[in-house]
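The chain contents come next:
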Amino acid sequence: MSASLSTAQELLKTLVGFNTTSAKSNLALIAFVEDYLKSHGIASTLVPSPDGAKADLFATIGPANQGGIGLSGHSDCVPVEGQRWTSDPFTLTERDGKLYGRGTCDMKGFLACVLASVPLFKSRSLKEPVHLIISYDEEVGCTGVRPLIARLGHDLPRPRVIIVGEPTGMAVIDAHKRIDAYRTRVTGREAHSSMPELGVNAIAAAAALIGELERLGADIAAKQNDPRFVPPYSTVCVGTISGGTAHNIVPKTCEFQWQVRSLPSAAPAEVPRDLAAFAKTALLPRMQQVTKDAGIDTETEGSVPAFVAAPASAAVALALALTGAEETSAVSYTTEAGLFEQAGCPSVICGPGNIAQAHAADEYVAIAQLDACMAFLSDLADRLSV
């Protein structure tokens, strides 16, 4: 039996039809996958979120023992609001050998290929199991997979290898950067805009902090260089800002969200430490001369660890063998691979699609990439067969 590319496309059509933007539930998609696996005689274990609105799924094909190969992908996707699509983002649309729709590339294309390969895996006498892992809330900090990982080696089997199918163009990725996300809140004092000296302008203070973050980012870029990554240094980015109530009121509050994407070798606490020192010496004394209630507070909103595969990693060796590649690469985006690696599951990243298409309007995956992924999974089935 061989797995069918057309089946993968049909499954991708169904998966894209579920709006699993991270702010929404993924339970309808999980129920579909659970029923699909059940139709092939495969039981699933669900790991619900604390509020019950979402769930991870874990399923095993083959012998019920420890070890095996985990095929891991997330079910959530990013929003489409504010983007200009030329077709319905939740209806799979084919044009010129490309399949368009939200999540096609990141990363429902991989999930569709894995599900289409289930009958193939089932038809083989596997010497070790294949585990399917589908998580939620990867796009908002890789939070959903963590409760599932905590159960590996306990009431769930611990795979000896994890393949995370994020879009890599089917290249073998053995390292990625770390993310630390922050929210900085500035508290000043409101006043009539005709007498600004009576107030503390929170937006102006936030602007000074953002300017300092830009300076810190430039300093990092000048002193770090790891050519495996693009760009070859840690980066700092401010993503949102809000504050003030009216143009004629000195704003009392302002807050902004920002992140640092660090090289695996970098010290992740450096930027928040230096920003706090700048706030303490350059801004707060002047602000607190006007009001003792003035403040600048930064809190961590989440982090995703860097991923660096161990030397002689079994996961990397397997992916190289399956793709025929002779070398690995590193990426600047983050995945769940670092969490699996930290939990003692050797991991590698390899999946269909190009990260340049992820999160964008008219997101797509090339049919040729799905075909390559199906061949990869077919070769995996051959390698695991008795």
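Residues numbered from 1 in each chain as written. Predicted model: local features only at pLDDT ≥ 70, side-chain atom pairs only at ≥ 80, totals over all residues. Heavy atoms only, no water.

Just give me the short version of the state of the cysteines, but keep the residues and values in it.
As used in these notes, a disulfide is a covalent bond between sulfur atoms, one from each of two cysteines. What the rule picks out here adds up to 0 disulfides. In this model Cys237 remains outside any disulfide bridge; the closest cysteine sulfur is found in Cys254, 16 Å from its own. Cys254 sits in the buried class, given a relative accessible area of 3%. (Disulfide = S-S within 2.5 Å. Buried < 20%, exposed > 50% of the residue type's maximum accessible area, 1.4 Å probe, protein only.)

I'd like a rundown of the nonpolar core, residues and numbers included.
Residues Leu37, Leu71, Phe121, Leu132, Phe340, Leu377 and Leu380 are the most contacted members of the largest nonpolar core, which totals 77 residues. For this core, the element with the highest residue contribution is helix H10 (residues 367-384), accounting for 9 residues. Ignoring any residue separated from it by four or fewer positions in sequence, one finds Leu377 in contact with Leu71, Cys113, Val114, Ser117 and Phe121. (Core = buried A, V, L, I, M, F, W, Y, C linked by side-chain atoms within 4.5 Å. Helix = DSSP H or I, 4+ residues; strand = E, 2+ residues; numbered from the N terminus. Contact = heavy atoms within 4.5 Å.)

Before we move on, can you summarise the layout of surface pockets with the specific residues and values?
Put simply, the largest pocket is a space of about 640 Å³. Taken together, 24 residues form the lining of the largest pocket, with Glu139, Val140, Gly141, Ile179 and Arg261 sitting closest to its centre. Listed by contribution, the elements that provide at least two residues to the lining of the largest pocket are strand S9 (178-187), strand S13 (253-262) and strand S14 (295-304). By residue number, the principal contributor to the lining of the largest pocket is S14, which donates 4 residues. When grouped by side-chain class, the residues that make up the lining of the largest pocket number 9 nonpolar, 8 polar and 7 charged. What lines the second largest pocket is Pro196, Gly199, Val200, Asn201, Ala204, Ala205, Ala208, Val250, Leu283, Arg286, Met287 and Val290. Here the element with the most residues in the lining of the second largest pocket is helix H7 (residues 270-290); it accounts for 4 residues. Considering only residue class, the lining of the second largest pocket consists of 9 nonpolar, 2 polar and 1 charged. (1 Å grid on protein atoms, 1.4 Å probe; cavity = no way out; pocket = protein on both sides within 12 Å on 5 of 7 lines; lining within 4 Å. Points joined across faces, edges and corners; volume = space filled by probe spheres on them. Nonpolar A, V, L, I, M, F, W, Y, C, P; charged D, E, K, R; others polar.)

Break down the environment of Thr300 for me, citing the residues and quoting the values.
Looking at the element boundaries, Thr300 is found in strand S14. Overall, the relative accessible area of 53% leaves Thr300 in the exposed class. With 43 residues separating them in the primary sequence, Thr300 and Gln257 have C-alpha atoms 9.8 Å apart. In this structure Thr300 touches Ala181 and Tyr182, once residues within four positions along its chain are discounted.

Explain unusual backbone geometry to me, and be specific about the residues and the numbers.
With an omega of -10°, the peptide bond between Asp106 and Met107 qualifies as cis. Cis peptide bonds are those with omega within 30 degrees of zero, and the linkage from Val230 to Pro231 qualifies with -5°. Checked against the element boundaries, Pro231 lands in the loop between helix H6 (202-223) and strand S11 (235-243). For Asp137, which is not glycine, the phi dihedral falls at a positive 55°. Locating Asp137 in the fold gives a position in the loop between strand S6 (130-135) and helix H5 (145-151).

Can you tell me about the packing of aromatic side chains, naming the residues and giving the values?
Applying the stated criterion to the full structure yields 4 aromatic pairs. A ring pair is formed by Phe18 and Phe32, whose centres lie 6.0 Å apart and whose planes are at 45°; its orientation type is tilted. One end of the pair, Phe18, is in the loop between helix H1 (5-17) and helix H2 (27-39); the other, Phe32, is in helix H2, with 14 residues separating them in the sequence. With centroids separated by 5.3 Å and ring planes inclined at 50°, the aromatic side chains of Tyr100 and Tyr364 adopt a geometry described as tilted. Of this pair, Tyr100 sits in strand S5 (residues 98-100) while Tyr364 sits in strand S18 (residues 364-366), placing them 264 residues apart in sequence. Taken together, the ring pairs connect Phe18, Phe32 and Tyr36 into an aromatic cluster. (Phe/Tyr/Trp six-rings, centres within 6.5 Å; stacked < 30°, edge-to-face > 60°.)

So what's going on with the side chain of Ser385? Residues and values would help.
Mapped onto the secondary structure, Ser385 falls in the segment after H10. You can call Ser385 buried: its relative accessible area is 18%. A distance of 3.1 Å separates a polar atom in the side chain of Ser385 from a polar atom in the side chain of Arg124. Polar contacts involving the side chain of Ser385 include one to the main-chain carbonyl oxygen of Ala381, which spans 2.6 Å. Ser385 has contacts with Arg124, Ser125, Leu126 and Lys127, leaving out every residue within four places of it along the chain. (Polar contact = N/O pair within 3.5 Å; in protein donor to acceptor, adjacent residues only side chain to side chain.)

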